[in-house]
Amino acid sequence: MEDQPGKLRTVWRELTGSPYGISRAVNAAIVALQRKLRTEYLVGMPTHIAIEVTNRCNGTCMLCPVAEGRHSRPLGHISWKAFRKLVDEISAYARFVGLYNWGEPLLHRRIYDMIYYVKARRIYTKISTNLHAFHARDAERLVETGLDDLAISLHGTSEESYQAYQPHHRLDGVLRKIKAIAEARSRLGSKTPNIHLGFIVNRHNEREIGKLRQLAESLDVDFYLEHTSLNLRLLPFDRNMNRREAGEAQLCRERLASIENWLPRNGGHVFSWYQYIRDHDGRLPPVGKWYKCIAPWYQTIICWDGDVNLCCGSFDRRHSVGNVFEESVRKVWNSRLYQAARRSIRNRRRSSDPWVLCNQCPGILL
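A brief structural summary.

Rules and cut-offs
- Residues numbered from 1 in each chain as written.
- Predicted model: local features only at pLDDT ≥ 70, side-chain atom pairs only at ≥ 80, totals over all residues.
- Heavy atoms only, no water.
- Helix = DSSP H or I, 4+ residues; strand = E, 2+ residues; numbered from the N terminus.
- Rg over C-alpha atoms; globule rule 2.2 N^0.38 Å.
- Buried < 20%, exposed > 50% of the residue type's maximum accessible area, 1.4 Å probe, protein only.
- Contact = heavy atoms within 4.5 Å.
- Areas by Shrake-Rupley, 256 points an atom, 1.4 Å probe, with all protein chains shown as cover.
- Lys, Arg positive; Asp, Glu negative; His and termini not counted.
- Charge placed at Lys NZ, Arg CZ, Asp CG, Glu CD.
- Pairing = 2+ DSSP bridges.
- Axes fitted to C-alpha atoms, helices over the stretch in contact; angles between N-to-C directions.
- Arc of directions from axis to C-beta.
- Salt bridge = Lys/Arg side-chain N within 4 Å of Asp/Glu carboxyl O.
- Phe/Tyr/Trp six-rings, centres within 6.5 Å; stacked < 30°, edge-to-face > 60°.
- Lys NZ or Arg CZ within 6 Å of the ring centre and 35° of its normal.
- Right-handed = clockwise from strand over helix to strand, strands pointing away.
- Core = buried A, V, L, I, M, F, W, Y, C linked by side-chain atoms within 4.5 Å.

1. A few points about the overall build of the protein
Within the protein one finds twelve helices and eight strands. Taking 366 residues into account, the globule formula puts the C-alpha radius of gyration at 21 Å, and the protein, at 21 Å, falls close to it. With respect to the principal axes defined by its C-alpha atoms, the protein has extents near 60 × 50 × 35 Å. Scored against the burial criterion, the 366 residues of the protein give a buried share of 56%. Pairs at least 24 apart in sequence give 70% of the contacts found in the protein among residues at least 6 apart. A total accessible area of about 17000 Å² is found for the protein, and carbon and sulfur atoms account for 51% of it. Side-chain charges in the protein split into 55 positive and 38 negative, and the spacing between the mean points of these groups amounts to 5 Å.

Here it is in structure tokens:
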């Protein structure tokens, strides 16, 4: 998400430099009202859109289903033609576009062109990257795209803690690349991108938060702390996302083992629902216990092949609610599946509603 100054700059650029400025402002007001009323059919369109330019990744993050070798859909990249058509369609209402989801965006050979294309429409643009595919010689090129926000996965301030979460990659190489980007930004006199170090607090790095602050300051970048997500919802499935033979007792043991191996000892950096699982011998919280999700009212996730996911936690292709390469974003946004998801979150499911992922979600990303 963008910071408040970033939001204000975006609004100003929209109103003064984009032919869609007024329509986006009106749409945002409608979306805010719809979020409050929790209507099922939406007149307003999503203001925040993630476009997964690729689902390929060269990372090795220990808790990521991609790094675990899970396969939900074929690996691929969105085509340049399909990307441009999609961006043209959403330009009238999108205020934030993230070019990432279940993959490393810098692996797409046209990622810089894509950032330029979105930014030319005065849309706040962000990528999240591990920087493994980045070359320091491209630092000025990246800055010149106009990218607003660059989030960098950096889950350790020492080689030991960094490689505990991202094995087979070295921290010092990533730090050199971050320094090159920050220096290029300064050299070009640019205020963007806003560079953040994303730090997932876990058992191996929880004592390094103080060092992280010092590191960020030395690099002239920002940082943010994230709670660890264990992706426990995927434990019942094999690498092909087919249900495996594992009873509830076994799954409870596996959940507790993952909690013990990864969660920090400082409870202030642990999601409350993991505390619930630990306190209830590995059992999951009941559906709806923390149901405060508002994602289906303002954002959508578009995979590289056009499939649409309800949220960033959706991994299985079978959970898609439509395809924007086969029908318009507007039609998918108000599809039978999307409306069923909104009713499910409101605990107003109808007997005729199709099954959607929200039916089994406790309102949190487990």
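2. Thoughts on the side chain of His-319
Turning to its location among the elements, His-319 is positioned in the loop between strand E8 (308–309) and helix H11 (329–333). Among the residues examined, His-319 registers a relative accessible area of 18% and is labelled buried. Each residue touching His-319, except ones within four places of it in the same chain, is listed here: Ser-314, Trp-355 and Leu-357.

3. Focus: the sheet that holds strand E5 (residues 194–201)
Strand order in the open sheet formed by eight strands is E6-E5-E4-E3-E2-E1-E7-E8, with mixed pairing between adjacent strands. Strand pairing shows two members of the sheet lacking a second neighbour, strand E6 (222–227) and E8, which therefore form its edges. This element, helix H8 (residues 209–219), spans E5 and E6 of the sheet and lies at about 150 degrees to E6.

4. With respect to the environment of Leu-251
Tracing the backbone through its elements, the reader meets Leu-251 in helix H9 (residues 248–262). It is 19 Å that separates the C-alpha atoms of Leu-251 and Gly-313, two residues lying 62 residues apart in sequence. Apart from residues lying up to four places away in sequence, Leu-251 is in contact with Leu-235, Pro-236, Arg-244 and Ala-246.

5. Observations regarding helix H10 (residues 272–279)
Every buried residue belonging to H10 is among Trp-273, Tyr-274, Tyr-276 and Ile-277, and all of these are buried. Looking straight down H10, one finds its buried side chains confined to an arc of 150 degrees; they lie on one side. Taken together, the buried residues of H10 touch H9.

6. Describing the pattern of salt bridges
Enumeration according to the criterion identifies 21 salt bridges in this entry. Salt-bridge contacts for Arg-170 lead to Glu-159; the nearest nitrogen and oxygen are separated by 3.5 Å. Pair noted here: Arg-170 is in the loop between helix H6 (159–165) and helix H7 (171–187) and Glu-159 is in helix H6, with a separation of eleven residues, a long-range link. Here Glu-159 falls in the partly exposed class, since its relative accessible area comes to 24%. Each of the salt bridges in this network shares a partner with another, and the network as a whole consists of Glu-40, Arg-343, Arg-346, Arg-350 and Asp-353.

7. With respect to the packing of aromatic side chains
Using the criterion set out here, one finds ten aromatic pairs in the structure. Both rings, one in Trp-80 and one in Tyr-117, keep their centres 5.7 Å apart while their planes meet at 75 degrees; by these two values the pair is edge-to-face. Here Trp-80, found in helix H3 (residues 80–90), pairs with Tyr-117, found in helix H4 (residues 111–119); they are 37 residues apart in sequence, far enough to count as distant. Exposure class is identical for Trp-80 and Tyr-117. Each is buried. An aromatic cluster is present here, built from Trp-80, Phe-83 and Tyr-117 joined pairwise through their rings. Positioned above the aromatic ring of Trp-297, the side-chain terminus of Arg-38 is 4.7 Å from the ring centre. Here Arg-121 stacks its cationic end above the ring of Tyr-117, 3.7 Å away from the centre of that ring.

8. Notes on the side chain of Asp-305
By the secondary structure assignment, Asp-305 is in the loop between strand E7 (299–302) and E8. You can call Asp-305 buried: its relative accessible area is 13%. Beyond its immediate stretch of four places on either side in the chain, Asp-305 contacts Arg-73, Arg-317, Asn-323 and Phe-325.

9. As for the pairing of strand E4 (residues 149–153)
The buried count for E4 comes to five of five residues, which makes it a mostly enclosed element. Side chains Asp-149, Ala-151 and Ser-153 project from E4 onto one buried face, and the interleaved Leu-150 and Ile-152 project onto a second face that is buried too. Strand direction decides the pairing type here: strand E3 (residues 124–129) and E4, joined by four bridges, are parallel. Looking at E4, one finds that Thr-129 is bridged to Ile-152. Handedness of the crossover joining E3 and E4 through helix H5 (residues 139–144) is recorded here as right-handed. Direction of pairing for E4 relative to E5: parallel, over a ladder of five bridges. Counterpart to Ala-151 in the pairing with E5 is His-196.

10. Some remarks on the nonpolar core
If you look at soluble globular proteins, the nonpolar side chains tend to sit buried side by side. Residues Ile-51, Phe-83, Ile-90, Leu-99, Ile-178 and Ile-181 are the most contacted members of the largest nonpolar core, which totals 69 residues. Broken down by element, the residue count for this core peaks at seven residues, all from H7. Leu-99 has contacts with Ile-51, Val-53, Phe-83, Pro-105, Ile-111, Met-114, Ile-115, Thr-125, Lys-126 and Ile-127, leaving out every residue within four places of it along the chain. Listed in part, the 23 residues of the second largest apolar core include Cys-61, Leu-63, Ile-200 and Ile-259.

Functional significance is not addressed by these values, which are geometric in nature.
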